[in-house]
Amino acid sequence: MSRLEGKTAVVTGGNSGIGLAAARAFAREGAQVVITGRRQAALDAALADIGHGALALRGDVADTAHHRAVAELVHSRFGGCDIYFANAGVNTITPSEAVDEAEYDAQFDTNTRGTFFGVQAIRPVLRDGASVIVTGSLASEKRLDGHAVYAGSKAALGAFVKAWAAEMSARRIRVNLLSPGPVDTAILEKLGVAPQDRPSFEAAMAAAIPLGRLGRPEELADAALFLASDASSFVTGIDLRVDGGMAIL
Ligand SMILES: NC(=O)c1ccc[n+]([C@@H]2O[C@H](COP(=O)([O-])OP(=O)(O)OC[C@H]3O[C@@H](n4cnc5c(N)ncnc54)[C@H](OP(=O)(O)O)[C@@H]3O)[C@@H](O)[C@H]2O)c1
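First, a word on scope: everything that follows refers to the structure included in this document.

How each quantity is defined
- Residues numbered from 1 in each chain as written.
- Predicted model: local features only at pLDDT ≥ 70, side-chain atom pairs only at ≥ 80, totals over all residues.
- Buried ≥ 20, exposed ≤ 12 C-beta atoms within 10 Å, placed from the backbone.
- Helix = DSSP H or I, 4+ residues; strand = E, 2+ residues; numbered from the N terminus.
- Pairing = 2+ DSSP bridges.
- Near = placed C-beta within 6 Å.
- Expected span 1.5 Å × (residues − 1).
- Contact = placed C-beta atoms within 7 Å.
- Axes fitted to C-alpha atoms, helices over the stretch in contact; angles between N-to-C directions.
- Core = buried A, V, L, I, M, F, W, Y, C linked by C-beta atoms within 7 Å.
- Left-handed = near helix turned anticlockwise from the far one by under 90°.
- Nonpolar A, V, L, I, M, F, W, Y, C, P; charged D, E, K, R; others polar.

1. Notes on the pairing of strand S6 (residues 174-180)
Line of reasoning, step 1. Counting buried residues along S6, seven of its seven residues qualify, which places the element largely inside the surrounding structure.
Line of reasoning, step 2. Of the two faces of S6, both are covered, the one formed by Arg174, Asn176, Leu178 and Pro180 as well as the one formed by Val175, Leu177 and Ser179.
Line of reasoning, step 3. Note that strand S5 (residues 126-135) and S6 share five bridges and pair parallel. The partner of valine 134 across the bridge, within S6, is leucine 177.
Line of reasoning, step 4. Here S6 pairs with strand S7 (residues 239-242) via four bridges, running parallel. Bridged to leucine 178 within S7 is leucine 240.

Here it is, written out as structure tokens:
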């Protein structure tokens, strides 16, 4: 069964982790996939992995010219966009009193500004009935040490999603937030979890997550596929938590 046959999907941050798993799933289901990210080598490796004629466009989501280039590419090559997965994001953990302006700006520029202007740029080329999926974070709902800025940068996305879901409803465009709990991706290394610290990190996570483990990128990709496909045709404006139940503890 090809649930996304004939659709064009853009996945920001599609060269790693959750975005890569989603790009793979979308392509497997028949979508023409376009991925973005800043690292060309990672984009090249991801394209080889995804297959199915996927394309990549390198750029920084903090740069509005990049978003215009993505919209122009999907419009000129494929006539429009059916699935926009605004997923690129960064996270650093620092107590609020130690956060400097550069760290604050880096998270808000990528997570918040990058998502806002990405959706603004793609909007004119979204086809009626399209699906917009935005990666939030459980950190916006559940307080976690050192996450104030990251949580704030992602909390704004919940407000954006509600506004966009209402604004675009006349064109049957659905807009939903996908909020992961801890997922086993490269973001953990970028957070400074060293390989030797992984067992104790995973044990601490397991104790905090009812299902007793980190999530896998493919499990987030399955949720993104649900939101991208007709299986969620009456779903808009929601926050879909995929967190192993972490929010309830
Ligand atoms: N893993 C988790 O535990 C977790 C939990 C909650 C939420 N999330 C969210 O899930 C999303 C995906 O993260 P992940 O876990 O899959 O981490 P990841 O493997 O580190 O992937 C992050 C992706 O974002 C891209 N990216 C980062 N900054 C960018 C920028 N300025 N411009 C363009 N692309 C940029 C990266 O590509 P380049 O480096 O090549 O630019 C990469 O493809 C993020 O929004 C993250 O905040 C993750």
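2. What about the site of the ligand?
Line of reasoning, step 1. Residues in contact with the ligand amount to 28 residues; listed here are only the nearest, Gly13, Gly17, Gly37, Arg38 and Gly89.
Line of reasoning, step 2. For the shell around the ligand, the elements supplying multiple residues, two or more each, are helix H1 (17-28) and helix H6 (187-190).

3. Section: helix H5 (residues 148-167)
Line of reasoning, step 1. For H5, with 20 residues, the first-to-last C-alpha span of 29 Å sits near the 28 Å given by 1.5 Å per residue.
Line of reasoning, step 2. Taken together, the buried positions of H5 are occupied by Val149, Tyr150, Ala151, Ser153, Lys154, Leu157, Val161 and Trp164.
Line of reasoning, step 3. Its buried side turned inward, H5 meets helix H4 (101-122), S5 and S6.

4. What to know about the sheet that holds strand S3 (residues 55-58)
Line of reasoning, step 1. One open sheet accounts for seven strands, arranged S3-S2-S1-S4-S5-S6-S7; its pairing is parallel. Because the sheet does not close on itself, it has two edges, and the strands there are S3 and S7. Sheet twist, expressed as the average angle between the axes of neighbouring strands with direction ignored, equals 20 degrees.
Line of reasoning, step 2. Sheet analysis places strand S1 (residues 8-11) next to strand S4 (residues 81-86), joined by three bridges and oriented parallel. Following the sheet pairing, valine 10 is matched in S4 by tyrosine 84.

5. Some words on the nonpolar core
Line of reasoning, step 1. Counting 53 residues, the largest nonpolar core has Ala23, Phe26, Val33, Tyr84 and Ala224 as its most contacted members.
Line of reasoning, step 2. In contact with tyrosine 84, not counting residues within four places along its chain, are Val10, Val119, Ile122, Leu126, Ala130 and Val132.
Line of reasoning, step 3. Counting residues in each nonpolar core, the second largest holds seven residues, with Ala139, Ala151, Ile209 and Met246 among its members.

6. Section: the packing of H1 against helix H2 (residues 40-50)
Line of reasoning, step 1. H2 packs onto H1 with a crossing angle of 35 degrees between their chain directions and a minimal axis gap of 10 Å. As for how H1 packs across H2, the hand of that crossing is right-handed. Packed against H1, whose contacting residues are Leu20, Ala23, Arg24 and Ala27, the element H2 presents Ala46, Asp49 and Ile50 at the interface.
Line of reasoning, step 2. For the contact of H1 with H2, the residue count by class is five nonpolar, no polar and two charged.

7. Overview of unusual backbone geometry
Line of reasoning, step 1. One non-glycine residue, histidine 52, lies in the positive phi region at around 50 degrees.
Line of reasoning, step 2. By secondary structure assignment, the location of histidine 52 is in the loop between H2 and S3.
Line of reasoning, step 3. Using a count of 15 C-beta atoms within 10 Å as the deciding quantity, one classes histidine 52 as partly exposed.
Line of reasoning, step 4. Residue arginine 172 is not a glycine yet carries a positive backbone phi of 60 degrees.

8. Observations concerning the environment of valine 183
Line of reasoning, step 1. By the element assignment, valine 183 lies in the loop between S6 and H6.
Line of reasoning, step 2. Along the sequence, valine 183 and alanine 31 sit 152 residues apart, while their C-alpha atoms lie 25 Å from each other.
Line of reasoning, step 3. When near neighbours in sequence (up to four residues on either side) are disregarded, valine 183 contacts Ile18, Leu214, Gly215, Arg216, Pro217 and Leu220.

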